Amino acid sequence: MRRNEQIRARELRVIGPEGEQLGILGRNEAIAMAKEHGLDLVEVAATADPPVCRVMDYGKFKYETQKKKQEAKKRQTVVQIKEIKVRPKTDDHDFETKVRHIKRFLEDGDRVKVTVFFRGREIVHKDRGLSILERVIADTKDVGKVEQEPRAEGRTLQMLLTPVAKKSGAQDAPAQED
């Protein structure tokens with residue numbers, strides 16, 4: 001953004017410090033008006049004919065813009081992909097523990113990649129791997145949904161689960177009138 005003496009156009013459409021239109025003024029006249037208010041003349045629309053400039057405190061404007069960026073960065077959430085690995089011969093108790101981990105990851109808002117590894121001749125029994133993944137889907141259907149169906153890649157079967165959107169209680173309750 002150009003400001004004050006950096007602005008090159010002879011005529012400018014000027015907007016005052018309160019947002020009011022001041023009309024089309026000469027460059028030097030507009031700069032003098034900004035200095036009179038103790039503010040800067042900042043070019044906000046350089047491609048317009050004539051260019052649009054605003055009388056504002058440029059330092060304060062930059063500071064507020066930076067603060068808004070920081071706030072937006074704080075509010076954004078980073079979604080991670082967690083991976084859970086199981087084998088076709090994984091015992092029931094171990095399976096239940098892994099399902100608990102999957103549920104916790106989904107409740108935290110992360111996506112979960114569930115992988116079934118086959119070793120040696122286990123690859124012949126891909127149906128066991130599919131049944132394990134179907135059990136995972138059934139056990140986590142309340143907190144997650146399947147984003148990527150189970151598919152085979154080499155010696156593994158993989159699928160991807162995503163968290164189900166949470167419903168807020170305020171929307172579900174009907175409005176009561178007195």
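About the cut-offs
- Residues numbered from 1 in each chain as written.
- Predicted model: local features only at pLDDT ≥ 70, side-chain atom pairs only at ≥ 80, totals over all residues.
- Heavy atoms only, no water.
- UniProt positions renumbered as here; feature names shortened; annotations may be inferred.
- Core = buried A, V, L, I, M, F, W, Y, C linked by side-chain atoms within 4.5 Å.
- Buried < 20%, exposed > 50% of the residue type's maximum accessible area, 1.4 Å probe, protein only.
- Helix = DSSP H or I, 4+ residues; strand = E, 2+ residues; numbered from the N terminus.
- Contact = heavy atoms within 4.5 Å.
- Pairing = 2+ DSSP bridges.
- Axes fitted to C-alpha atoms, helices over the stretch in contact; angles between N-to-C directions.
- Phe/Tyr/Trp six-rings, centres within 6.5 Å; stacked < 30°, edge-to-face > 60°.
- Lys NZ or Arg CZ within 6 Å of the ring centre and 35° of its normal.
- Salt bridge = Lys/Arg side-chain N within 4 Å of Asp/Glu carboxyl O.

- Identification of the protein chain as Translation initiation factor IF-3 from Bilophila wadsworthia is taken from an unreviewed UniProt entry.
- Recorded under Sequence similarities (unreviewed entry), the UniProt text for the protein chain is reproduced unchanged: "Belongs to the IF-3 family."
- Taken from UniProt, the Subcellular location (unreviewed entry) comment for the protein chain reads in full: "Cytoplasm".

A short note on the nonpolar core
- Counting residues in each nonpolar core, the largest one holds 18 residues, and the members touching the most others are I102, V112, V114, V116, V136 and L161.
- Of all elements in the fold, only β5 (81-86), α3 (92-107), β6 (111-117), α4 (126-139) and β8 (156-163) reach the threshold of two or more residues within this core.
- With 5 residues, α3 is the largest single contributor of residues to this core.
- In this view, V112 contacts K82, I84, I102, F105, L106, M159, L160 and L161; residues no more than four positions away in its chain are not counted.
- Grouped together as the second largest cluster of nonpolar side chains are 10 residues, I7, I31, A34 and L41 included.

Remarks on the sheet that holds β8
- The sheet built from 4 strands is open, its strands ordered β5-β6-β8-β7 with mixed pairing. This sheet does not close on itself; its edge strands, each paired only once, are β5 and β7 (144-153). For this sheet, the mean inter-axis angle between neighbouring strands, taken without regard to orientation, is 20°.
- Of the strand pairs in this sheet, β5 and β6 are connected by 6 bridges, and their pairing is parallel. Its bridge partner lying in β6, I84 is registered against V114.
- Relative to the sheet, α3 contacts β5, β6, β7 and β8, its axis offset from that of β5 by approximately 170°.
- Across the sheet, α4 is in contact with β5, β6, β7 and β8; its angle to β8 comes to roughly 10°.

Notes on the UniProt feature "domain: Translation initiation factor 3 N-terminal" (unreviewed entry) in the protein chain
- The sites that carry the UniProt feature "domain: Translation initiation factor 3 N-terminal" (unreviewed entry) are, in the present numbering, residues 4-72.
- Taken end to end, residues 4-72 has its terminal C-alpha atoms 30 Å apart, with 36% of it in helix and 32% in strand.

Focus: the packing of aromatic side chains
- Per the counting criterion, the structure on display carries 1 aromatic pair.
- Of note, R135 hangs over the ring of F95, and the distance from its end group to the ring centre comes to 3.9 Å.

A closer look at the pattern of salt bridges
- The tally for this structure, following the rule as stated, stands at 7 salt bridges.
- With a closest N to O distance of 3.8 Å, K74 and E71 form a salt bridge. Remark: E71 and K74 occur in helix α2 (residues 58-75); sequence separation between them is 3 residues, near one turn of the helix.
- A residue is classified by how much of its surface remains accessible, and K74, at 66% relative accessible area, is exposed.
- The salt bridge involving E122 is made with R87; its shortest N-O contact spans 2.5 Å. Of this pair, E122 sits in the loop between β6 and α4 while R87 sits in the loop between β5 and α3, placing them 35 residues apart in sequence.
- Exposure remark for E122: the relative accessible area of 10% places this residue in the buried category.
- Residues joined in a network through salt bridges with shared partners are E71, K74 and R75.

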